[in-house]
Amino acid sequence: MEERILLVEDEEALRVTLADRLQSENYTVECASDGEEGLQKALENRFDLILLDVMLPRKKGFDICRDLRKAGLVVPIIMLTARTETVDKVLGLKIGADDYVTKPFQMIELMARVEALLRRVPRQSTDGGHVHQFGRLRIDLRGTSVTRDGQVVPLSAREFQLLRYFIEHQGTTLSREVLLKDVWGYSADAFTRTVDVHVASLRQKLEEDSKKPALFVTVLGLGYKFARQA
Ligand code: CA
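From a predicted model like this one, the values you see are computed outputs, not experimental measurements. (Residues numbered from 1 in each chain as written. Predicted model: local features only at pLDDT ≥ 70, side-chain atom pairs only at ≥ 80, totals over all residues. Heavy atoms only, no water.)

## Notes on the nonpolar core
Inclusion rule: The nonpolar core is taken to be a set of buried Ala, Val, Leu, Ile, Met, Phe, Trp, Tyr and Cys residues, with the residues joined through side-chain atoms within 4.5 Å. Burial status follows relative accessibility: with a 1.4 Å probe on protein chains alone, a residue under 20% of its type maximum counts as buried, one over 50% as exposed, and anything between as partly exposed. Starting at the N terminus, helices and strands are each numbered in turn, a helix being any DSSP run of H or I of at least four residues and a strand any DSSP run of E of at least two. In this description, contact between two residues means that some pair of their heavy atoms is separated by no more than 4.5 Å.
Ranked by size, the top nonpolar core spans 27 residues in total, and within it Val 146, Leu 163, Phe 166, Leu 179 and Phe 216 carry the most contacts. Counting only elements with at least two residues in this core, the list comes to strand 7 (137–140), helix 6 (157–168), helix 7 (176–184), helix 8 (192–206) and strand 12 (223–226). The biggest single contributor to this core is helix 6, with six residues. Not counting chain neighbours up to four residues away, the residues in contact with Leu 179 comprise Leu 162, Tyr 165, Phe 166, Leu 174, Trp 184, Val 195 and Tyr 224.

This is how it looks when you write it as structure tokens:
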């Protein structure tokens, strides 16, 4: 099955070049040239990944990203930012972006990141135990949805992948290095802070009291453990 990518970019030259390159890598590409069109297409069609420019006419990339997460979509999103734009990556993470690429970028670098995110998308699994209930939280691994008392909890694709990994390894202590390798696909341990930032974000969104985490438990000196609530 060909993977479908939505490219939202207002600079025509870049849009055409990128679309050509993605198609040559066997992706099916849909383009949008402004923010409103991008949001509409993203809501109406199923995509495996979205490449989203930050500065767009009619609606900014961050607003689109936030709206998509609020709507419960966990599609991976890579933001394209200009070098002159200062991007607060922690803020971006909060609104649900999965990765950033700064323009001008090497095509090969972007392709690597696209592949890395697509490889880790939660695939439709055939296992029966795909719905998990933790207190007021309901997590549907197959439907990739997280709700609290029926209300959607917006998660980024990476957050969902991390949550899924935790659930699949309930009760096991997981080191930051293992999480990085298995969830992010990085072999280097230079980015273990990334894990902490994402765990903090999951706690903020999913714990009853993020200061006293009951689900994402810190195991001092070792890493984290996902504990099923009583
Ligand atoms: Ca732009």
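## Re the sheet that holds strand 2 (residues 28–32)
Our working rule: One requirement defines pairing of two strands: DSSP has to find at least two bridges between them. Only C-alpha atoms enter the line fits that serve as axes; for helices the fit covers just the stretch in contact. Angles between N-to-C directions range over 0 to 180 degrees.
In spatial order, the strands read 2-1-3-4-5; together these five strands make up an open sheet with parallel pairing. Across the chains shown, the open sheet's two edge strands, defined by having one partner strand only, are strand 2 and strand 5 (99–103). Geometrically, the sheet is characterised by an average inter-axis angle of 20° between neighbouring strands, direction not taken into account. Summarising the sheet, strand 3 (residues 49–53) and strand 4 (residues 77–82) pair through four bridges and their orientation is parallel. Looking at strand 4, one finds that Leu 51 is bridged to Ile 78. Sheet strands in contact with helix 1 (residues 12–24) are strand 1 (4–8), strand 2, strand 3, strand 4 and strand 5, and its direction is about 165° off that of strand 2.

## Comments concerning the pattern of salt bridges
Rule in force here: What counts as a salt bridge is simple: a side-chain nitrogen of Lys or Arg found within 4 Å of a carboxyl oxygen of Asp or Glu.
The final tally for this structure, using the stated rule, is 20 salt bridges. With its nearest N and O atoms 3.0 Å apart, the salt bridge here joins Glu 25 to Arg 21. Residue classification places Arg 21 among the partly exposed positions, given a relative accessible area of 28%. With a shortest N-O distance of 2.8 Å, Arg 113 and Glu 109 are connected by a salt bridge. Placement of the pair is Arg 113 and Glu 109 together in helix 5 (residues 107–119), with a separation of four residues, close to one helical turn.

## Concerning helix 2 (residues 35–44)
Heads up, the rule is: For this quantity, the arc is that covered by the directions from the helix axis to the C-beta atoms. In protein, a polar contact means a hydrogen-donor-capable atom and an acceptor-capable atom, both N or O and within 3.5 Å, with residues adjacent in sequence counting only if both atoms are side-chain atoms; elsewhere, any N or O pair within 3.5 Å suffices.
Of the residues making up helix 2, those classed as buried are Gly 35, Gly 38, Leu 39, Lys 41 and Ala 42. Summarising the axial view, the buried residues of helix 2 lie within an arc of 165°, below the 170-degree limit, and thus occupy one face. The secondary structure elements touched by the buried residues of helix 2 are strand 1, strand 2, strand 3 and helix 3 (61–70). Capping of helix 2 at its N-terminal end is provided by Asp 34; its side-chain oxygen lies 3.0 Å from the backbone amide nitrogen of Glu 36.

## Focus on the packing of aromatic side chains
Condition: Any pair of Phe, Tyr and Trp rings, taking the six-membered ring for Trp, is counted once the centres come within 6.5 Å. Such a pair is stacked with planes under 30 degrees apart, edge-to-face with planes over 60 apart, and tilted for the rest.
Inspection of every chain in the model, using the stated rule, returns four aromatic pairs. With centroids separated by 5.1 Å and ring planes inclined at 75°, the aromatic side chains of Phe 134 and Phe 226 adopt a geometry described as edge-to-face. Placement of the pair is Phe 134 in strand 6 (residues 131–134) and Phe 226 in strand 12, with a sequence separation of 92 residues. Like Phe 226, Phe 134 is buried. Counting every residue linked through ring pairs, the aromatic cluster contains Phe 134, Phe 166, Phe 216 and Phe 226.

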